[in-house]
Amino acid sequence: MQPLAKNSFNPAAGLDSASADINKIMRLSYGTEIDYQRLAYEAGEIWKSWNKQIELGTNNLPAGLEKEDKLWYSTGMLRMSATEDYGEFELRTLENMQKEGLREMQYMCDNPEDILRARSRGWGQKLDPLDKKKRLGYNTAVLDSTAGFVAADKACHWVWHLCQRAGVHFVQDPTRGKVTQIVDDGDKVIGIKTADGLEHHSDMVIVACGGWTPTLIPEVRSLLETTAGSVATIHIDEVTMPHLWQKYAPENMPVLTWGMKEGKGVYMLPRTKEGVIKFGYRATKWTNYDTVGDGQRISVPKTAHVTDKKESNIPKKSLNSIKEFISINTPDLLPLEFSATKLCWYTDSIDNSFVIDHVPNKPGMFVCSGGSGHGFKFLPILGREIVPILEGRGQDTVYGKMWRWREDKALTLGNKRNGLQEGEGGPRVLAKQDMASPRDWRVNSEASRL
Ligand SMILES: Cc1cc2nc3c(=O)[nH]c(=O)nc-3n(C[C@H](O)[C@H](O)[C@H](O)COP(=O)(O)OP(=O)(O)OC[C@H]3O[C@@H](n4cnc5c(N)ncnc54)[C@H](O)[C@@H]3O)c2cc1C
């Protein structure tokens, strides 16, 4: 419903979707979830081929994409513990990597054999780019050389271009492109109504509206909840900060994650060519309850631009966790200020697996959602798995089974429903948080007290 393509999906142009973002992490590490690991591996091969296609100018690049642009950056990812202990998830991930023949591309940063192998393959400098062994006395981390990040906005622009060439018609307009209602004839769904008052009829309505999906499909609310991740950025300047510019460049800095098992839940992506370093906090995913069209109170997005009620700040708890990350891991950024903060809206499912299926008892309606904070990396490959499900011949595939409508499971999981059970009374509600404001943007203002 926003003019995404006109703005090259660039979030700086006031675009609010989860996908219109400067970058997203691409990883294969999935603990025991080997089917996601495999899918990510296959997606990775397509990301690489897209880089090649853009470099060669294949498919006539759209305005806004240059041959020099890359979608996929093979920077590696350093999964850092906040303590000297690796933890279960890490050990299970390494076991699965072993099973799939990928272990040799993982480097435990304090394992002499792995260190030697990393050095011989040119990854040595990324084992401890933050000098933690010297500064803190330990560097409990695994460098995953198969991971990195993708330029999300550019990737959306590229895919939009490919779809257009394949004949897809987009209506990215705040009125003509905004669905206000799913229309049915009493027996089945027959189309949509848009904000200009027009009805559009179709054989099938596919709803893939990210955090807005539960607003449009009441039935899905027992399976999906809209929650917010917190993002903050720091801008570094090439001319006045040449050392930081070099240090945080993707060539020298991997994606960093820190304290995932210890509840710190902060990650950082290397600087972009514009000098933006992005931090994310995902230990707590915030909810925002409001009354929607059918009178129910559910969690809905609250963004900086597109929603009626607006928010560009993040909770102090999120910002302070990011400051703590900086004070321990990247203290040379302490003298700086954040340049922006934002809430980025996830659609969490009850078990963090996607929900891609026909909506039961609603013939004519299909849902594709539940990205649960890890969906973007699969952009090149999701369609391959979705089409058979849509056509009714993919329900028994590995992914058809994983992503199917699982009302039964939702009911039996009791309290263990990924936070969906908390509702408006829960502790993650945004309205209950102390919000940070630009007054809190000096990085060292809180960190010095931690
Ligand atoms: C903070 C954060 C960090 C993340 N990090 C990663 C990561 O590192 N790696 C990774 O793989 N994934 C990551 N994800 C997950 C990933 O971003 C999502 O899974 C993916 O972007 C979801 O895409 P989507 O198209 O379903 O939703 P969105 O990108 O949110 O798009 C939804 C679209 O629906 C449109 N829409 C909404 N309502 C209507 C309506 N009524 N009518 C018409 N259109 C409508 C919106 O305008 C929007 O364009 C992250 C997500 C967040 C929030």
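This one's a predicted model, so the numbers in the text were calculated from it and none came from an experiment.

## Quick word on the overall build of the protein chain
- Check the secondary structure of the protein chain and you find 12 helices and 19 strands.
- For the protein chain, the accessible area works out to roughly 20200 Å², and carbon and sulfur atoms hold 51% of it.

## Topic: the UniProt feature "domain: FAD dependent oxidoreductase" (unreviewed entry) in the protein chain
- Taking the UniProt record as the reference, the feature "domain: FAD dependent oxidoreductase" (unreviewed entry) is found at residues 34–386.
- Annotated as 26% helix and 26% strand, the span residues 34–386 places its first and last C-alpha atoms 19 Å apart.

## Regarding the packing of helix α1 (residues 34–56) against helix α5 (residues 152–165)
- Two elements in contact, α1 and α5, have axes whose closest approach is 12 Å; the angle formed by their N-to-C orientations is 75 degrees. Between α1 and α5, the angle is such that the two are roughly perpendicular. Counting all contacts with α1, which are made through Trp47, Trp50, Gln53 and Ile54, the residues of α5 involved are Ala155, Trp158, Val159 and Leu162.
- Partitioning the contact of α1 with α5 into residue classes produces 7 nonpolar, 1 polar and no charged.

## A look at helix α9 (residues 382–390)
- Looking only at α9, the buried set comprises Leu382, Glu385, Ile386, Pro388 and Ile389. For α9, the buried positions fall inside an angular range of 165 degrees around the axis, keeping them on one side.
- Buried residues belonging to α9 abut α1, β18 (355–358), β19 (365–369) and α10 (398–403).
- Looking one or two residues past α9, Gly392 carries a phi angle of roughly 80 degrees, positive in sign.

## Observations regarding the site of the ligand
- In the vicinity of the ligand, 24 residues are found, and the nearest of them are Ser19, Ile25, Val179, Cys344 and Lys377.
- Ile25 is positioned with one of its backbone polar atoms (N or O) 2.7 Å from an oxygen atom of the ligand.
- Relative to its unbound accessible area of 1000 Å², the ligand is 87% covered by the protein chains.
- Of all elements in the fold, only β1 (24–26) and β17 (338–349) reach the threshold of two or more residues within the shell around the ligand.
- Of all the elements, β17 adds the most residues to the shell around the ligand, at 3 residues.
- If you count residues domain by domain, the shell around the ligand takes at least three from each of domain 1 (5–154) and domain 2 (224–349 + 427–447).

## Focus: the pattern of salt bridges
- Throughout the structure, instances matching the rule amount to 32 salt bridges.
- For Arg406, the salt bridge goes to Asp351, with nearest N and O atoms at 2.8 Å. With Arg406 in the loop between α10 and α11 (407–412) and Asp351 in the loop between β17 and β18, the pair connects residues that are 55 residues apart, well separated along the chain.
- For Arg406, a relative accessible area of 4% gives the class buried.
- Residue class for Asp351 comes out partly exposed when judged on its relative accessible area of 22%.
- Each of Asp21, Lys24, Lys278 and Lys342 takes part in one network of salt bridges that share partners.

## Some remarks on the pairing of strand β7 (residues 179–184)
- Examined bridge by bridge, β7 and strand β8 (residues 189–194) share 5 bridges and lie antiparallel to one another. Directly across from Gln181, in β8, lies its bridge partner Lys193.

## A few points about the sheet that holds β1
- On the basis of which strands lie adjacent, the open sheet formed by 3 strands has the order β1-β6-β2 and antiparallel pairing. Pairing within the sheet leaves two strands with one partner each, and these edge strands are β1 and β2 (72–73).
- With 2 bridges joining them, β2 and strand β6 (residues 148–150) adopt antiparallel strand pairing. The partner of Tyr73 across the bridge, within β6, is Phe149.

## Details of unusual backbone geometry
- Despite not being glycine, Phe9 shows a phi value in the positive range, around 60 degrees.
- Relative to the helices and strands, Phe9 is located in the segment before β1.
- Using a relative accessible area of 7% as the deciding quantity, one classes Phe9 as buried.
- Even without being a glycine, Asp131 presents a positive backbone phi close to 60 degrees.
- In this fold, Asp131 is placed in the loop between α3 (112–120) and α4 (132–136).
- Asp131 sits in the partly exposed class, given a relative accessible area of 36%.

## Things to note about helix α2 (residues 88–99)
- Spanning 12 residues, α2 covers 17 Å between terminal C-alpha atoms, matching the ideal 16 Å at 1.5 Å per step.
- Turning to α2, its buried residues number three or more, namely Glu90, Thr93, Leu94, Asn96 and Met97. One side of α2 holds all its buried residues, which, seen down the axis, span an arc of 165 degrees. Those residues of α2 that are exposed and aimed more than 90 degrees away from the buried face are Glu88, Gln98 and Lys99.
- If you follow the buried residues of α2, they end up packed against α1, β3 (77–80), β4 (106–108) and β5 (141–144).

Calculation notes
- Residues numbered from 1 in each chain as written.
- Predicted model: local features only at pLDDT ≥ 70, side-chain atom pairs only at ≥ 80, totals over all residues.
- Heavy atoms only, no water.
- Helix = DSSP H or I, 4+ residues; strand = E, 2+ residues; numbered from the N terminus.
- Areas by Shrake-Rupley, 256 points an atom, 1.4 Å probe, with all protein chains shown as cover.
- UniProt positions renumbered as here; feature names shortened; annotations may be inferred.
- Axes fitted to C-alpha atoms, helices over the stretch in contact; angles between N-to-C directions.
- Parallel < 35°, antiparallel > 145°, perpendicular 65-115°, else oblique.
- Contact = heavy atoms within 4.5 Å.
- Nonpolar A, V, L, I, M, F, W, Y, C, P; charged D, E, K, R; others polar.
- Buried < 20%, exposed > 50% of the residue type's maximum accessible area, 1.4 Å probe, protein only.
- Arc of directions from axis to C-beta.
- Near = heavy atom within 4 Å.
- Polar contact = N/O pair within 3.5 Å; in protein donor to acceptor, adjacent residues only side chain to side chain.
- Domains from an automatic or database assignment.
- Salt bridge = Lys/Arg side-chain N within 4 Å of Asp/Glu carboxyl O.
- Pairing = 2+ DSSP bridges.
- Expected span 1.5 Å × (residues − 1).

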